[in-house]
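# Structural characterization, general
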Amino acid sequence: MQIAVLAGDGIGQEIMVEALRVLEKLDLPDLQLKPADVGGTAYKNHGHPLPPATLDLVMASDAVLFGAVGDPDCDDLERHLRPEQAVLGLRKEMQTFANLRPAKAFSGLENLSALKPEVAGAIDLLILRELTGDVYFGEKGQRQSAAGLREGYDIMAYDEQEISRIAHIAFKAAQGRRKKLCSVDKANVLQTSVLWRTVVNEVAADYPDVELSHMYVDNAAMQLVRNPGQFDVMLTGNIFGDILSDQASMCVGSIGLLASASLGTGTHGLYEPIHGSAPDIAGQGIANPLAMILSAAMMLRHSFAMETEAAQIEQAVAAVLEKGLLGHDLGGNASTREIGDAVVAQLAG
Ligand code: IPM
Ligand code: MG
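Attention here is on the structure that accompanies the text. Every value quoted in this text rests on a predicted model; they were computed, and no experiment measured them. (Residues numbered from 1 in each chain as written. Chains lettered and ligands numbered in written order. Predicted model: local features only at pLDDT ≥ 70, side-chain atom pairs only at ≥ 80, totals over all residues. Heavy atoms only, no water.)

## Thoughts on the sheet that holds strand 4 (residues 98–104)
Spatially, the 10 strands line up as an open sheet ordered 2-1-3-12-11-4-5-10-8-9, and their pairing is mixed. The open sheet has two free edges, formed respectively by strand 2 (32–35) and strand 9 (211–216), since each of these has just one partner strand. Across the sheet, the mean angle from the axis of one strand to that of its neighbour is 25 degrees, orientation sign disregarded. Direction of pairing for strand 3 (residues 63–68) relative to strand 12 (residues 269–273): parallel, over a ladder of three bridges. Its bridge partner being in strand 12, Leu65 is matched across the sheet by Tyr271. Sheet contacts for helix 6 (residues 160–175): strand 4, strand 5 (124–130), strand 8 (180–185), strand 9 and strand 10 (233–236); angle to strand 5, the most-contacted strand, approximately 165 degrees. (Pairing = 2+ DSSP bridges. Helix = DSSP H or I, 4+ residues; strand = E, 2+ residues; numbered from the N terminus. Axes fitted to C-alpha atoms, helices over the stretch in contact; angles between N-to-C directions. Contact = heavy atoms within 4.5 Å.)

Following this line, the structure appears as structure tokens:
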């Protein structure tokens, strides 16, 4: 079990420490944790946000634990040197086109959601976000418009293969859950979405047991706060999934709680919280490490088929929250370390 440990920038460093303590507590066989620099930290130390040595380690490892990247000191760098390019580069190099972002209500947090408690309590959904296409990876640049004005552009494009492979994963995920799949697009305006919808409908023929629906993204954003309990699996493209998953996190209670898994066709995966590096609170020891800890659980499940251990971590996190040990993001005052300690103690039984 060789794991590339890329803590990255800001609170990434602090939350990673706690996730590693949790993994070490489990006494996993042959656990090898190999740290490397990424993001702004890597730029400062090696001149590039994703240095070759880091990429080599990633490709030689069984899985990647990733903290967060983003550093205000790097805001003025050229785009290819910005910290965010590290995570985009990793997703592309690892071909992790499927991003799983589960959002589930935690018992005890109903009153901390941005939604009414009875609405929030019903959340149990999985956002399946396409991760290696869309406006993120299409041709982009700045040019002069016909009228001589400065113009920025990012091409949105998906080919049928990119759509069908993520659709298959979404249907299979739905089969393992409540068998409902909602595909989110903007087919009333975008040609990309028209093809998306067509291909998803074609793939649906292989999964007659799954109930498929389609929803425009603006309506999906509205439904996510009106009645999130209606959703089981939400399948969507890169940019819509980015936005809807941040929204889903606040429906649960805090962005500090949502984990993610990025997978390709095999078990080589990248596991990261959906939140960023939070430079405003970095170094204070007050970041919530739970999204990072839950990402480690997802790694055990998806890269190492260790369902028992993954569930142990998830149950420990749920128990800690239910006891009311809340971080600053949830209006409490537990420190990063205290939350990590509580999860470790819970695992010890
Ligand atoms: C996320 C983040 C990234 C994204 C950024 C850091 C490039 O917001 O993982 O959701 O947009 O995918
Ligand atoms: Mg995001």
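## So, the site of ligand 1
In the vicinity of ligand 1, the contacting residues are Arg91, Arg101, Arg129, Tyr136 and Asp242. Within the side chain of Tyr136, a nitrogen or oxygen atom sits 2.5 Å from an oxygen atom of ligand 1. Taken together, the residues that form the shell around ligand 1 break down as one nonpolar, no polar and four charged. (Near = heavy atom within 4 Å. Polar contact = N/O pair within 3.5 Å; in protein donor to acceptor, adjacent residues only side chain to side chain. Nonpolar A, V, L, I, M, F, W, Y, C, P; charged D, E, K, R; others polar.)

## Quick notes on the packing of helix 1 (residues 11–25) against helix 10 (residues 290–304)
Their axes nearest at 8 Å, the elements helix 1 and helix 10 cross at an angle of 45 degrees. As summarised for this structure, helix 1 and helix 10 are arranged oblique, according to the angle between their axes. Crossing handedness for the pair helix 1 and helix 10: right-handed. Listed contacts from helix 10 to Ile15, Met16, Glu18, Ala19, Val22 and Leu23 of helix 1 are Met292, Ile293, Ala296, Met299 and Leu300. Considered class by class, the residues forming the contact of helix 1 with helix 10 number 10 nonpolar, no polar and one charged. (Parallel < 35°, antiparallel > 145°, perpendicular 65-115°, else oblique. Left-handed = near helix turned anticlockwise from the far one by under 90°.)

## As for helix 6
In this model helix 6 runs 22 Å from its N-terminal to its C-terminal C-alpha over 16 residues, within 8% of the 22 Å that 1.5 Å per residue would give. Listed as buried for helix 6 are Glu162, Ile163, Ser164, Ile166, Ala167, Ala170, Phe171 and Ala174. On its buried side, helix 6 packs onto strand 4, strand 5, strand 8, helix 7 (191–204), strand 9 and strand 10. The distance from a side-chain oxygen at the start of helix 6 to the backbone nitrogen of Gln161 is 3.0 Å, and the residue carrying that oxygen is Asp159. (Expected span 1.5 Å × (residues − 1). Buried < 20%, exposed > 50% of the residue type's maximum accessible area, 1.4 Å probe, protein only.)

In short, the description is geometric, and any link to function would need to be established separately.
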